[in-house]
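# Breakdown of the fold
Given next are the chains, with one letter for each unit.
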Amino acid sequence: MYYSSGNYEAFATPEKPDGIERKHAYIVGTGLAGLSAACYLIRDAQMPGENITLFENLPLAGGSCDGIHDQSKGFIMRGGREMDNHFECMWDLFRSIPSIVNPGETIFSEYYKLNKDDPNFSLCRVTQNQGQDAHTDKKYGMSKEALAELTKLFLATDEELADKTIDDVFDDKFYDTNFWIYWQTMFAFEKWHSAIEMKRYMQRYIHHIDGLPDLSALRFTRYNQYESMIKPMVKYITDAGAKIEFEACVTDVVCDCTTDRKVARQLSYTQAGQRHTLHLTENDLVFVTNGAQGDGSAYGDQTHAPVVDIQNGTGPSVDLWKMLAKQDPSFGHPEKFFKSIKETSWESWTVDTANRQILSAIEAICHRDPLSGRVVTGGIVTAKDSSWLLSWTINRQGQFTDQPDDHCLIWVYGLNCWDDKGDFVDKPMYQCTGEELCAEWLYHIGIPREDIRRLAEEECNTTPCMMPYVTSFFEPRRAGDRPDVVPAGSVNLAFIGQYAETPRDTVFTTEYSIRTGMEAVYTLCGVDRGVPEVWGSVFDVRDLLRSVYMLTDGKKLSQMDLDLKQRMALQTVMKMVRGTEVEKLLQSEGLI
């Protein structure tokens, strides 16, 4: 497997690998990583579809990319997916997957046309005082010291940041900046999360530094992620003959491991109360989703709070990874990521309403008609003075193909689940029913206190979901804690998904899952075509200069807070570049 950039490899169709018809694939998990691996096996490795089997512990495919209309609870969206124009592997795949809702289109062409016609941006990113615009006004509000700390993180090596938290590299004043409230709530980072991962995010998306304050960097699907992405992928692979075994929990993959070779020899799973064992040869390829952020998700309803009933470090995918990790050090260290539910959880809830008073309050904040079918909030709106650090968003309505035309679905989430009482509801988030969670959100969008309880109980249906491991992949780590997609010496075993290691890319993204699936297939099957490298904006001097301009809130070099020695050095440099292409570049990026 090798990386490539540009159109030469992107437009190529690889030759069929020798002996692919004699190989079989067993894929553990049907999230984006597992489904992507199956798609790449069919499209690029040209493996016969009937040779591919996927195992899914749940009765439905999709993993964390869900969108459920539960007839007893209501509409459920555990989370959303924010996508980028430089998700190179994702678009490479989705150009080949037909759309279900728009005949003649692919997922990519459907998505491209939608976001060209209706580009995403926010008109109110942060509120305070019960729905009033906090007027962050696209500013980062970074002090000289905060910029210095951020720059130091950006330039640090992974070795230097091994096992460090974000709080290890920033002082308390940094957390008062607009940058941090944008960053923390958009990506769900906490102070105790990995400094390495924050650095990767900074480097990966430096080209979007101007689109972070108003979320114009983001793009979204038309419907929920299950209907827009997962259903078309499932149809693509099953139409080709692949088989999905639902409610089949893989409990163990036994490997022969030596210093030089690692071969999966046996796969065990339970289904309908029966234990099954497959004996594997080197022609049987095994793709394991090791770890899942959705493991142990607990659901409530309008009148019941969700109850998390798993213990730290347990769950189907976690247990399987632990069994594998015992067999070889190169299979990673799952205990680093699943050690504290309080550190790795947050709660989200889906509010379904058609009430005009609520819809008017929404429109007053986001300045758009929530039922227009076009961009509404343009990404999350954060209530900065919320004790739960509550954020909410409304994507294009309807979010479900069977959603009533006059109903609006609002996705809300809070990062402070366990200890802090609400500002309206006098209890911690995790103890709240759907009605109570809705009431807290209504308070923060400016609904009068006297109306809140009635509207939450009678005019909304709210379905909460507590996810104990949702940010577990952000836990502090070092090299080796996550297994390589294909560990050194592996003959027929690959790791895919958010807990596998691939260079330079960032977890908690659709791209990461799809990239690991692509790399795994290309490596184990010997597909002779380049995997698109992670977009290289971190190496583009234009993007780097633009980030300086944006992070200083539009200051010229001459306006920056520099000491005498720095100013003298700047004057010397400016004399040297006068009349050169460097001067033109500095002008084009707004710095002079």
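Residues numbered from 1 in each chain as written. Predicted model: local features only at pLDDT ≥ 70, side-chain atom pairs only at ≥ 80, totals over all residues. Heavy atoms only, no water.

## Observations regarding the overall build of the protein chain
A count of helical and extended segments in the protein chain gives 18 helices and 20 strands. For a compact globule of 592 residues, the expected C-alpha radius of gyration is about 25 Å, and the protein chain comes in at 24 Å, within 12% of that figure. Dimensions along the principal axes, computed over C-alpha positions, put the protein chain at roughly 70 × 65 × 45 Å. For the protein chain, with 592 residues in total, the buried portion stands at 59%. Taking all contacts inside the protein chain whose residues are at least 6 apart in sequence as the whole, residues at least 24 apart take part in 74%. (Helix = DSSP H or I, 4+ residues; strand = E, 2+ residues; numbered from the N terminus. Rg over C-alpha atoms; globule rule 2.2 N^0.38 Å. Buried < 20%, exposed > 50% of the residue type's maximum accessible area, 1.4 Å probe, protein only. Contact = heavy atoms within 4.5 Å.)

## Things to note about unusual backbone geometry
The step from Gln-397 to Gly-398 runs through a cis peptide bond, and the omega angle for that step is -5°. Relative to the elements of secondary structure, Gly-398 occurs in the loop between β16 (390–393) and β17 (408–414). With phi around 50°, Leu-389 is a residue other than glycine that occupies positive phi space. Within the secondary structure layout, Leu-389 lies in the loop between β15 (381–383) and β16.

## Here's the deal with helix α12 (residues 356–366)
Because an α-helix completes one turn every 3.6 residues, residues spaced three or four positions apart along the sequence face the same direction. Residues Ile-358, Leu-359, Ala-361, Ile-362, Ile-365 and Cys-366 constitute the buried set of α12. The buried residues of α12 occupy an angular sector of 160° when the element is viewed end-on, so they sit on one face. Between the side-chain oxygen at the start of α12 and the backbone nitrogen of Gln-357 there is a gap of 2.9 Å, and the oxygen is on Asn-355. One or two steps after α12, the chain reaches His-367, where phi turns positive at roughly 60°. (Arc of directions from axis to C-beta. Polar contact = N/O pair within 3.5 Å; in protein donor to acceptor, adjacent residues only side chain to side chain.)

## Examining the state of the cysteines
Across all of its chains, the model carries zero disulfides by this definition. For the unlinked cysteine Cys-39, the closest cysteine sulfur is that of Cys-65, found at 13 Å. No disulfide involves Cys-408; its nearest neighbouring cysteine sulfur is the one of Cys-366, lying 8.6 Å away. (Disulfide = S-S within 2.5 Å.)

## Thoughts on the environment of Met-198
With respect to the secondary-structure elements, Met-198 resides in helix α8 (residues 195–204). In sequence terms Met-198 and Trp-183 are 15 residues apart; their C-alpha atoms lie 9.5 Å from each other.

## As for empty space enclosed by the protein
Per the stated rule, a full pass over the model turns up four cavities of 30 Å³ or more. The computed volume of the largest cavity comes to approximately 790 Å³. Along the walls of the largest cavity sit 48 residues, with Gly-80, Arg-81, Glu-82, Met-186 and Phe-220 positioned nearest its centre. Those elements giving two or more residues to the lining of the largest cavity turn out to be α7 (178–187), α8, α9 (225–239) and β17. By residue class, the composition of the lining of the largest cavity is 26 nonpolar, 17 polar and five charged. (1 Å grid on protein atoms, 1.4 Å probe; cavity = no way out; pocket = protein on both sides within 12 Å on 5 of 7 lines; lining within 4 Å. Points joined across faces, edges and corners; volume = space filled by probe spheres on them. Nonpolar A, V, L, I, M, F, W, Y, C, P; charged D, E, K, R; others polar.)

## Brief notes about the pairing of β16
Remark: a regular strand shows side chains that alternate across the two faces of the sheet. Across the two faces of β16 the burial is the same, with Leu-390 and Trp-392 and Ser-391 and Thr-393 all buried. As paired strands, β15 and β16 are joined by two bridges and run antiparallel to one another. Paired with Val-381 across the strands is Trp-392, a residue of β16. With antiparallel pairing between neighbouring strands as the criterion, β15 and β16 make up a hairpin whose turn holds six residues, including Leu-389 at a positive phi of roughly 50°. (Pairing = 2+ DSSP bridges.)

## Re the layout of surface pockets
Here the largest pocket defines a volume of roughly 940 Å³. In terms of lining, the largest pocket is formed by 48 residues, of which the most central are Glu-56, Leu-58, Gly-63, Ser-64 and Ala-292. Empty space within the second largest pocket amounts to approximately 720 Å³. Among the elements of the structure, α5 (144–155), α16 (541–551) and α17 (564–577) are those that each provide at least two residues to the lining of the second largest pocket. Element by element, the count of residues in the lining of the second largest pocket is highest for α5, at six residues.

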